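A closer look at the structure
Residues per chain, in single letters:
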Amino acid sequence: MDLSEKATRYALLPLRLFLGVTFIYAGLDKLTDSHYLAGLSDPTSFASMTQGVKSGSPIGPLLDLALKAPTAFALAIAIGELAVGLGALFGLLGRVAALGGVLLNLSFFLTVSWQVQPYYLGNDLIYLMAWVPLLLAGMPYLSLDGWLASRRRRSAGAQGVRSDSSSSSPSESRSVERSS
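Notes on the structure follow.

Calculation rules
- Residues numbered from 1 in each chain as written.
- Predicted model: local features only at pLDDT ≥ 70, side-chain atom pairs only at ≥ 80, totals over all residues.
- Heavy atoms only, no water.
- 1 Å grid on protein atoms, 1.4 Å probe; cavity = no way out; pocket = protein on both sides within 12 Å on 5 of 7 lines; lining within 4 Å.
- Points joined across faces, edges and corners; volume = space filled by probe spheres on them.
- Helix = DSSP H or I, 4+ residues; strand = E, 2+ residues; numbered from the N terminus.
- Nonpolar A, V, L, I, M, F, W, Y, C, P; charged D, E, K, R; others polar.
- Core = buried A, V, L, I, M, F, W, Y, C linked by side-chain atoms within 4.5 Å.
- Buried < 20%, exposed > 50% of the residue type's maximum accessible area, 1.4 Å probe, protein only.
- Contact = heavy atoms within 4.5 Å.
- Patch = residues over 30% accessible without salt bridge, like charges linked within 9 Å, V, L, I, M, F, W, Y side chains within 5 Å.
- Areas by Shrake-Rupley, 256 points an atom, 1.4 Å probe, with all protein chains shown as cover.
- Salt bridge = Lys/Arg side-chain N within 4 Å of Asp/Glu carboxyl O.
- Lys, Arg positive; Asp, Glu negative; His and termini not counted.
- Charge placed at Lys NZ, Arg CZ, Asp CG, Glu CD.

As a volume, the largest pocket reaches approximately 870 Å³. Looking at the largest pocket, it is lined by 29 residues, and the ones nearest its centre are Phe46, Ile77, Phe108, Thr111 and Val112. Elements with a minimum of two residues in the lining of the largest pocket: helix 2 (13-32), helix 3 (46-54), helix 4 (60-68), helix 5 (70-90), helix 6 (94-111) and helix 7 (123-137). A total of five residues in the lining of the largest pocket trace back to one element, the largest contributor, which is helix 2. Considering only residue class, the lining of the largest pocket consists of 17 nonpolar, seven polar and five charged.

And the structure:
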């Protein structure tokens, strides 16, 4: 395999690593920030930020649901970011992780970044678009998904060889041995 083929094969790896590390960091940052899980009285909390963007968001009515249980939603977002980041970094359930990244960033775009003008200054849109190639292509290289798939292929190949040899009759097996 020449350098061009290798570059093409591994082209999405830097994006996957960047998104994985970034989402792990974002999830851990939220989980360790005492303000994030505080209530409406703290202006930097999830509840306050959600309340602040609700009126200008196209999904404002859905944010009322989040505000009924803000701590649970805040934890779900932080744990979701952590799970998506770990999935992307290790390439485990890669398309599921990428779908999680798409959904998280779509929700962030439709809430926090929605009122950013011009739209391209909102960072959630670019993260949303960055997840799409990983969702489409998966994470087959240098990943647990790729490793597990190769193990399944080897196992299926070994079973295919066994079933081929076990399906022949003893007389066929002897005739094959004699002819070799």
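Quick look at the nonpolar core now. Of all hydrophobic cores here, the largest spans 23 residues; its most connected members are Leu19, Phe23 and Trp131. Looking at this core, the elements with two or more residues in it are helix 2, helix 5, helix 6 and helix 7. When residues no more than four places from it in sequence are discounted, the contact partners of Leu19 are Tyr127, Ala130, Trp131 and Leu134.

Taken together, the side chains of Arg151, Arg152, Arg153 and Arg154 make up a positively charged region of the molecular surface. Among the secondary structure elements, Arg153 is positioned in helix 8 (residues 144-167). Residue Arg153 is classed as exposed on the basis of its relative accessible area, which comes to 57%.

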